[in-house]
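Chain by chain, the residues:
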2 protein chains.
Amino acid sequence: MTSSNAISPAAHRIVVVGAGFGGLEAVHRLGGAPVQITLVDQRNHHLFQPLLYQVATASLATSEIAWPIRHLLRNRPDVRTLLARVEGVDKEGRSVLLEDGASLPYDTLVLATGARHAYFGRDEWESVAPGLKTLEDATTIRRRILLAFEEAERESDPERRQALLNFVVIGGGPTGVEMAGTIAELAQDTLVREFRSIDTRTARVVLIEAGPRILPAFAEELSHYAHRSLEKLGVEVQLGAPVTQCTEDGVTYGGNRLPAATIVWAAGVQASRAAQWVDARADRAGRAIVESDLTVPGHPDIFIIGDTAAIAMPEGGVVPGIAPAAKQQGAYVAAAIRRRLEGAPGGAPFRYRHQGSLATIGKRLAVIDFGRVKLRGALAWWIWGLAHIYFLIGVRNRVSVALSWLWIHTRNQRSSRLITQGGQALRLRVKRKEASAEAGRPEV
Amino acid sequence: MTSSNAISPAAHRIVVVGAGFGGLEAVHRLGGAPVQITLVDQRNHHLFQPLLYQVATASLATSEIAWPIRHLLRNRPDVRTLLARVEGVDKEGRSVLLEDGASLPYDTLVLATGARHAYFGRDEWESVAPGLKTLEDATTIRRRILLAFEEAERESDPERRQALLNFVVIGGGPTGVEMAGTIAELAQDTLVREFRSIDTRTARVVLIEAGPRILPAFAEELSHYAHRSLEKLGVEVQLGAPVTQCTEDGVTYGGNRLPAATIVWAAGVQASRAAQWVDARADRAGRAIVESDLTVPGHPDIFIIGDTAAIAMPEGGVVPGIAPAAKQQGAYVAAAIRRRLEGAPGGAPFRYRHQGSLATIGKRLAVIDFGRVKLRGALAWWIWGLAHIYFLIGVRNRVSVALSWLWIHTRNQRSSRLITQGGQALRLRVKRKEASAEAGRPEV
């Protein structure tokens, strides 16, 4: 196709599916190139996933970490943004098939459709142990956490009350660590003075990790530091304890049964269906196995990047599914497309540069693993905070998030403690005895 | 009951149902009184309704106009906050009956349960013409407005495209006027540069009022000013045109049929069921007809205030269902209860002091009717804006809303243009032709 591009570059049509970190970076880097870009996403917003756990824990508002995609690209007349769901790809006909029956012809296709959380084949767990990938996931988890305290306040039966005050986070990666730490702070700190019947400090937050340590992607010393820090916050960390059952009223792990109304799933992800759309070989997580130039074997006109691609690293293992990696791939693809349009020879294979791993532990601590340099504690937290504010898009949201954090740290006020989603809002997740006619109504 | 209170005031139990402007004001004014207060609400947050239309039009985030009730009362150990739904009142047994079978005994009951929008017996219209009373209402309307533009961008059929770009607001009160003006600004201003296939300025915004003029609660000259100002913004105002039909694809009014994918209901409200709970006489809107001291006839221990009470005014008519009126009633009830606890004689009947009517028209104009003094235009808008920021609770939200408005007015950025509510997010509200196998997939 390189030649065909060289012939009429102006007509070169690029379809990018997914406006996450990878897809958006590719579009940005293609600015000014003689191409027509169509960016397709099933949501109308780009989401800053690294801070999604703060929406789930009432620290940030949804609009503080999400931007309308077409607003981000308003100054790019060469880019058309479409809100639509993709259901497949016609590789021979070179068109993307949309769920509503339409199709999008392309000369070059970039698939950057990300990943969802996975339940290792136990999909029935999703309803009781929601994961954290979308704004709706976050507001659902927020609703459940806040409701658990509300219901505990009303609960007279001690066992059910404790079950409502037990919070389980499954998965010891950064998201799990950050969720567990923040839930512990809600219970130990933010909410303490606001309830009359319960002492929110009696809440138990249990972080369950199947592996031998939390934050496995970090140096062992940082894992241990994070582990100790979580325990200081009041989080119980359970290692080497795979979860064997999740139900509406609790979890079973390593032979133990823990009654809990609130379970958060932060273990394992499953790539989007992009690999299936193009019949590419995939690894166990469903990630398409791509060439070293991020194209699909046999299809140089199709790139797959981000969490939905499996890219082997020379040093072994695959590129991690994190924002910086996706951005590097988006930039690489943009450069590769530019070279092709100029009829230049293909460049060097994609090479991932790991810039470091960051994770916060509650409100004022963090761990950062830069490889040679390792940071922990308050300094790491400041670097983490400033880095995240820097990476937010636009002054408006930087100011807004900075203010929200200022209030959390100085006034201990979390800005979005809202239980929304109407009808469900009062669903009790731990069964209560029905008031029998004879017994009459229990007074509360 | 006055005597019984006099005997053991410390034991006096007050149940307040509803944490809106009226209920919350009553609780605040009872601070320090020898009572035990239980505040019951079916939501966990107090909502600043006057700015709800700005959430519906993507100008403000939900958390900027809503506060967790128990956080507002964290320094009031005498107040217990309960998240629960009330289903009735046992007047003889003096207890509030909760939906989940429990009951709340009271010595004095304050019902401040507000109102919902009403469809004059055409409840089937609610699904196609949502009203604006809760945060979910607002995010639903926001989703529909933003989706309409997204779908229009994809629509090839000119008729369906225009139907997607037709926005109907039913009801010419302040909410209707504010909704219509802001939708017009979205189309004429905010969104203009962001679409490639459609010109958002071709959107039609139609405000339909059954009566002879919009803003009937205002002086006639201000109504006419608002009318002209809306037309300058591009809003078509239809007067004396009662709506006779609302369907998924349009409205019928005064004999005309207007195809429209987005319909917003801002006409008429129906009081909550409080009157039925206590078998009180009610007016046509379901508002309980109360004594001049806001108690239920024959039940001096039950107060009904706010939008769910019909309070006759000496000068004729009833007290309007607006925030300042509800607050005055809350304050009056608190004072009346204090008098009773002291065994003092009942005070003067409730007297409503109208402080003025305010309404904004789009981004920089407003009308204010103080009675003798009448303001319009930019000055009125500044007064409106400062007044609303002043009445917001807490520095955090004042700063946040001020910032959001600053960005809207200086950068023309609206902070929360998010289409959420997951699964439904891509539902098309105007039928599209199915792509038939023969016809093949239409390219877009």
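The shown structure was predicted, so the numbers you read here are calculated from the model rather than taken from an experiment. By convention here, each chain's residues receive numbers from 1 onward along its written sequence. For naming, the first written chain is A and the first written ligand is 1, with later ones following in the order written. Restriction of local features to residues with pLDDT of at least 70 applies here, the model being predicted, together with a cutoff of 80 or more for giving and counting side-chain atom pairs; totals for whole chains, interfaces and linings are based on all residues. Side-chain measures here rest on the full set of heavy atoms in the structure, leaving out hydrogens and waters.

Right, let's talk about the overall build of chain A for a bit. Numbered from the N terminus, helices here are DSSP runs of H or I no shorter than four residues, and strands are runs of E no shorter than two. When you go through chain A residue by residue, the secondary structure sums to 12 helices and 25 strands. Against the compact-globule benchmark of 22 Å for 444 residues, chain A has a radius of gyration of 24 Å, which places it among compact chains. Evaluated residue by residue, chain A yields a buried proportion of 60% over its 444 residues. A separation of at least 24 residues holds for 65% of the contacts in chain A among residues at least 6 apart in sequence. For chain A, the exposed area adds up to about 17200 Å²; of that, 54% sits on carbon and sulfur atoms. Measuring between centres, the 53 positive side-chain charges of chain A sit 5 Å from its 45 negative side-chain charges. Note on method: radius of gyration uses C-alpha positions; expected globular size equals 2.2 Å times residues raised to 0.38. For every residue, the accessible area obtained with a 1.4 Å probe (protein chains only) is divided by the maximum for its type, and the residue is called buried under 20%, exposed over 50%, and partly exposed between those limits. The criterion used for residue contact is that any of the two residues' heavy atoms lie within 4.5 Å. For the area figures, the Shrake-Rupley method with a 1.4 Å probe applies, and any residue is considered shielded solely by the protein chains shown. When charges are tallied, Lys and Arg are placed among the positive residues and Asp and Glu among the negative ones, while His and the ends of the chain are skipped. Lysine's charge is taken at NZ, arginine's at CZ, aspartate's at CG and glutamate's at CD.

What follows concerns the packing of aromatic side chains. Working definition: an aromatic ring pair is given by the centre-to-centre distance plus the angle between the planes. Residue and element names in this part refer to chain B. Here a pair means two rings of Phe, Tyr or Trp (six-membered ring of Trp) with centres within 6.5 Å. Their orientation is stacked below 30 degrees between planes, edge-to-face above 60, and tilted elsewhere. Counted under the stated rule, the structure contains 22 aromatic pairs over all chains. Taken together, a centroid distance of 6.1 Å and an interplanar angle of 45° make the contact between phenylalanine 149 and phenylalanine 195 tilted. Taken together, the residues span a long stretch of sequence, with phenylalanine 149 in helix H5 (residues 135-154) and phenylalanine 195 in the loop between helix H7 (174-190) and strand E12 (204-208) at a distance of 46 residues. Side by side, phenylalanine 149 and phenylalanine 195 carry an identical accessibility label, which is buried. With a centroid separation of 5.6 Å and an interplanar angle of 80°, the aromatic rings of tyrosine 332 and phenylalanine 350 are classed as edge-to-face. A residue pair is termed long-range when its members are at least 10 positions apart, and tyrosine 332 in helix H10 (residues 323-341) and phenylalanine 350 in the loop between H10 and strand E23 (357-361) qualify at 18 residues. Here phenylalanine 350 falls in the buried class, since its relative accessible area comes to 10%.

Right, let's get into the sheet that holds strand E6 (residues 86-90) of chain B. Residue and element names in this part refer to chain B. With respect to topology, 3 strands assemble into an open sheet ordered E6-E7-E8, the strand pairing being antiparallel. Two strands in the sheet have a free side with no partner beyond their single neighbour: E6 and strand E8 (103-105). Across this sheet, the average inter-strand angle for adjacent strands is 20°, counted without regard to direction. Whether two strands pair depends on DSSP finding at least two bridges between them. Here strand E7 (residues 95-98) pairs with E8 via 3 bridges, running antiparallel. Bridge assignment links serine 95 to a residue of E8, and that residue is proline 105. What counts as an axis is a line fitted to C-alpha atoms, over the stretch in contact for a helix, and the angles between N-to-C directions run from 0 to 180 degrees.

The next thing to look at is unusual backbone geometry. Phi at A:Leu215 is positive, roughly 45°, even though this residue is not glycine. For A:Leu215, the location among the structural elements is in the loop between strand E12 (204-208) and helix H8 (220-233).

Our focus in this paragraph is the pattern of salt bridges. Residue and element names in this part refer to chain A. For this analysis, a salt bridge means a side-chain nitrogen from Lys or Arg found within 4 Å of a carboxyl oxygen belonging to Asp or Glu. Scanning all chains against the criterion turns up 48 salt bridges over all chains. A salt bridge links arginine 43 to glutamate 136; its shortest N-O distance comes to 2.8 Å. Taken together, the residues arginine 43 in the loop between strand E2 (35-41) and strand E3 (45-47) and glutamate 136 in helix H5 (residues 135-154) connect sequence positions 93 residues apart. According to the relative accessible area criterion, arginine 43 is buried, its value standing at 16%. With relative accessibility at 15%, the residue glutamate 136 sits in the buried group. Ionic pairing is found between arginine 414 and glutamate 185, a salt bridge with its closest N-O pair at 3.3 Å. Remark: glutamate 185 occurs in helix H7 (residues 174-190) and arginine 414 occurs in the segment after helix H12 (395-410); sequence separation between them is 229 residues. For the pair arginine 414 and glutamate 185, one class covers both residues: buried. Through salt bridges with shared partners, one network takes in Arg116, Glu126 and Asp137.

Any two packed helices are characterised by how steeply their axes cross, that is the angle between the axes, and by the distance between the axes. All names here are of chain A. Relative orientation of the contacting elements helix H2 (residues 21-29) and helix H10 (residues 323-341) amounts to 35°, with a least axis distance of 7 Å. Of the two possible hands of crossing, H2 and H10 adopt the one that is right-handed. Between H2 and H10, the contacting residues are Phe21, Gly22, Glu25, Ala26 and Arg29 on the first element and Ala323, Ala326, Lys327, Gly330, Ala331, Ala334 and Arg338 on the second. Looking at side-chain class alone, the contact of H2 with H10 contains 6 nonpolar, 2 polar and 4 charged residues. Left-handed describes a crossing whose near helix is turned anticlockwise from the far helix by less than a right angle; the clockwise case is right-handed. Note that Gly is not counted as nonpolar here; it falls among the polar residues with everything else outside the nonpolar set of Ala, Val, Leu, Ile, Met, Phe, Trp, Tyr, Cys and Pro and the charged set of Asp, Glu, Lys and Arg.

This part covers the UniProt feature "transmembrane region" (unreviewed entry) in chain A. UniProt positions are given in the numbering used here, feature names are shortened, and annotations may be inferred rather than shown by experiment. The UniProt record marks residues 381-408 of chain A with the feature "transmembrane region" (unreviewed entry), using the residue numbering of this structure. Helix and strand shares over residues 381-408 of chain A are 89% and 0% respectively, and the end C-alpha atoms of the span are 14 Å apart.

This part covers H10(A). Every helix has an expected span of 1.5 Å times one less than the residues it contains. Its 19 residues place the ends of H10(A) 27 Å apart at the C-alpha level, agreeing with the 27 Å of an ideal helix rising 1.5 Å per residue. Two residues or fewer past H10(A), A:Gly343 is found with a positive phi of approximately 70°.

Time to look at the pairing of strand E7 (residues 95-98) of chain A. For a regular strand, the rule is simple: side chains alternate between the two faces of the sheet. Residues and elements named next belong to chain A. Burial along E7 is two-sided: Ser95 and Leu97 facing one way and Val96 and Leu98 facing the other are all buried. Relative to E7, strand E6 (residues 86-90) runs antiparallel, the two sharing 4 bridges. Bridge pairing in E7 links aspartate 90 to serine 95. The loop that links E6 with its antiparallel partner E7 comprises 4 residues; one of these, arginine 94, has a positive phi angle of about 50°. Taking the residues that link successive antiparallel strands as the turn, the E7-strand E8 (residues 103-105) hairpin has 4 residues, and the phi of glycine 101 there is positive, at about 100°.

Turning to the interface of chain B and chain A, a few remarks are in order. Contact with chain B, which involves 69 residues of that partner, is made by 69 residues of chain A. Defined here as a combined quantity, buried area equals the accessible surface (1.4 Å probe) lost by two parts on assembly, summed across both. Summed over both sides, the interface of chain B with chain A buries roughly 6300 Å², with 52% coming from carbon and sulfur. Per-residue buried area on chain B facing chain A is highest for B:Arg70, B:Arg396 and B:Arg441; these three make up 13% of the total on that side. Counting the contacts that link chain B with chain A gives 6 salt bridges. Pairing of N or O atoms within 3.5 Å defines a polar contact, subject to two protein rules: one partner must be a possible hydrogen donor and the other a possible acceptor, and residues neighboring in sequence count only if both atoms are side-chain atoms. Scanning the region where chain B abuts chain A turns up 24 residue pairs in polar contact (both at pLDDT 80 or more). Put simply, the parts of the chain that give the side of chain B that touches chain A at least two residues each are strand E4 (66-68), helix H4 (69-72), strand E5 (79-83), E7, E8, H5 and helix H12 (395-410) of chain B. For the side of chain B that touches chain A, the class distribution of residues is 28 nonpolar, 20 polar and 21 charged.

The next point concerns the relation of the copies chain B and chain A. Copies overlap after least-squares fitting; the atoms used are the C-alpha atoms of residues with pLDDT of at least 70 in both. Expressed as a screw operation, the relation of chain B to chain A combines 0.0 Å of axial shift with a rotation of 180°, fitting to an RMSD of 0.0 Å. Considering both components of the superposition, the chain copies are consistent with a two-fold axis. A shared binding surface is used by both copies, with 100% of the interface residues of chain B retained as interface residues in chain A.

Residue and element names in this part refer to chain A. Strand order in the open sheet made by the 6 strands is E5-E2-E1-E9-E21-E20, with mixed pairing throughout. The open sheet is flanked by strand E5 (79-83) and strand E20 (295-296), the only strands paired with a single partner. In this structure, strand E9 (residues 108-111) lies alongside strand E21 (residues 299-304), joined through 3 bridges in parallel fashion. Looking at the pairing, leucine 109 lines up with isoleucine 302 of E21. Against the sheet, H10 makes contact with strand E1 (12-17), E2, E9, E20 and E21, and its axis sits at roughly 160° relative to E21, the strand it touches most.

A few words on the UniProt feature "domain: FAD/NAD(P)-binding" (unreviewed entry) in chain A. Following the UniProt record, the feature "domain: FAD/NAD(P)-binding" (unreviewed entry) maps to residues 13-330 of chain A here. Summarising residues 13-330 of chain A: 28% helix, 28% strand, and an end-to-end C-alpha distance of 17 Å.

Residue and element names in this part refer to chain A. Within the element layout of this structure, arginine 340 appears in helix H10. The buried charged residue arginine 340 lacks any salt bridge, with aspartate 293 as its nearest oppositely charged partner at 4.3 Å. A distance of 2.6 Å separates the side chain of arginine 340 from the backbone oxygen of proline 300, its partner in a polar contact.

Another aspect to go through is H5(A). Spanning 20 residues, H5(A) covers 29 Å between terminal C-alpha atoms, matching the ideal 28 Å at 1.5 Å per step. Along H5(A), 20 of the 20 residues are buried, which leaves the element largely enclosed by surrounding structure.

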